[in-house]
Amino acid sequence: MPPAPRTSHAPRFATPARTEPFASAEEAWFWTMAALVARRDGARISAGKGLTPRPCEPDDVIKCLDRLYRQRRIELAHARIMRLWGERGTAPDPRHLQERGDHRLWREAMSRLEWPLRVKGIVAGAPGLGVHEADIIPFSGRAE
């Protein structure tokens, strides 16, 4: 039976309490694409080695996107625009005529990706339905 490994030589990963979630799905997507491009170019990606510890790995964001695709919430056109602009590291600008269609698809994809990432804790904030405090309107009917 081999001896137990020393704890001083074991890798230390960031605990969920010490990780910093992303501010938005867009920020998480750009981080994911940067990691995937680096991986494609030969970099070795290991968890917990970045400047800011994140609550996920790039593949976790891809799995959320894949699930949305399988549920038919995101189409192939959305994924193509996400890949194209994600590799560029910027969102399409609606002020440019050629980018308006891409911007519409980008916004749809990001809004659909936001909720699953919030549920998993990858994006900051509690997962809600977008419902804010409502005004109470008095009933004007007869009271009986």
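Conventions used here
Residues numbered from 1 in each chain as written. Predicted model: local features only at pLDDT ≥ 70, side-chain atom pairs only at ≥ 80, totals over all residues. Heavy atoms only, no water. Helix = DSSP H or I, 4+ residues; strand = E, 2+ residues; numbered from the N terminus. Buried < 20%, exposed > 50% of the residue type's maximum accessible area, 1.4 Å probe, protein only. Contact = heavy atoms within 4.5 Å. Areas by Shrake-Rupley, 256 points an atom, 1.4 Å probe, with all protein chains shown as cover. Expected span 1.5 Å × (residues − 1). Axes fitted to C-alpha atoms, helices over the stretch in contact; angles between N-to-C directions. Parallel < 35°, antiparallel > 145°, perpendicular 65-115°, else oblique. Lys, Arg positive; Asp, Glu negative; His and termini not counted. Salt bridge = Lys/Arg side-chain N within 4 Å of Asp/Glu carboxyl O. Phe/Tyr/Trp six-rings, centres within 6.5 Å; stacked < 30°, edge-to-face > 60°.

Colleague: I'd love a proper account of the overall build of the chain, names of residues and values included.
Modeller: Within the chain, the regular secondary structure consists of 4 helices and 0 strands. Element order for the chain, N to C, with α for helix and β for strand: α-α-α-α. A buried classification covers 26% of the 144 residues belonging to the chain. Counted over contacts in the chain with a minimum sequence separation of 6, partners at least 24 positions apart contribute 70%. Within the structure as shown, the chain displays about 11100 Å² of accessible surface, and the carbon and sulfur contribution to it stands at 54%.

Colleague: Explain helix H1 (residues 25-40) to me, and be specific about the residues and the numbers.
Modeller: In an α-helix, one turn spans 3.6 residues, which is why side chains three or four residues apart end up on the same side. With 16 residues, H1 extends 22 Å between its outermost C-alpha atoms, agreeing within 8% with the 22 Å of an ideal straight helix rising 1.5 Å per residue. Among all positions of H1, only Ala25, Ala28, Trp29, Phe30, Thr32, Met33 and Ala35 are buried. On its buried face, H1 sits against helix H2 (58-70), helix H3 (76-88) and helix H4 (100-119). A positive phi of about 110° marks Gly42, the residue just after H1.

Colleague: I'd love a proper account of the packing of H1 against H3, names of residues and values included.
Modeller: Contact geometry for H1 and H3: axes closest at 9 Å, N-to-C directions at 80°. Relative to H3, H1 is oriented roughly perpendicular. Contacts between H1 and H3 involve Trp29, Phe30, Met33, Val37 and Arg40 on the former and, on the latter, Met82, Arg83, Trp85, Gly86 and Glu87.

Colleague: Outline unusual backbone geometry, listing residues and values.
Modeller: Despite not being glycine, Arg72 shows a phi value in the positive range, around 60°. Along the chain, the position of Arg72 falls in the loop between H2 and H3.

Colleague: Mind laying out the side chain of Asp102, listing which residues take part and the relevant values?
Modeller: Here Asp102 lies in helix H4. No salt bridge forms around the buried Asp102; measuring N to O, its nearest opposite-charge neighbour Arg80 is 4.7 Å away. Setting aside anything within four residues of it in sequence, one finds Asp102 in contact with Ile81, Trp85 and Pro92.

Colleague: Go over the packing of aromatic side chains with me, naming the residues and quoting the values.
Modeller: Counted according to the given criterion, the structure contains 2 aromatic pairs. Look at Phe22 and Trp31: their rings are 5.1 Å apart centre to centre, the planes differ by 50°, and that puts the pair in the tilted class. What makes Phe22 buried here is its relative accessible area of 1%. Residue Trp31 is classed as partly exposed on the basis of its relative accessible area, which comes to 27%.

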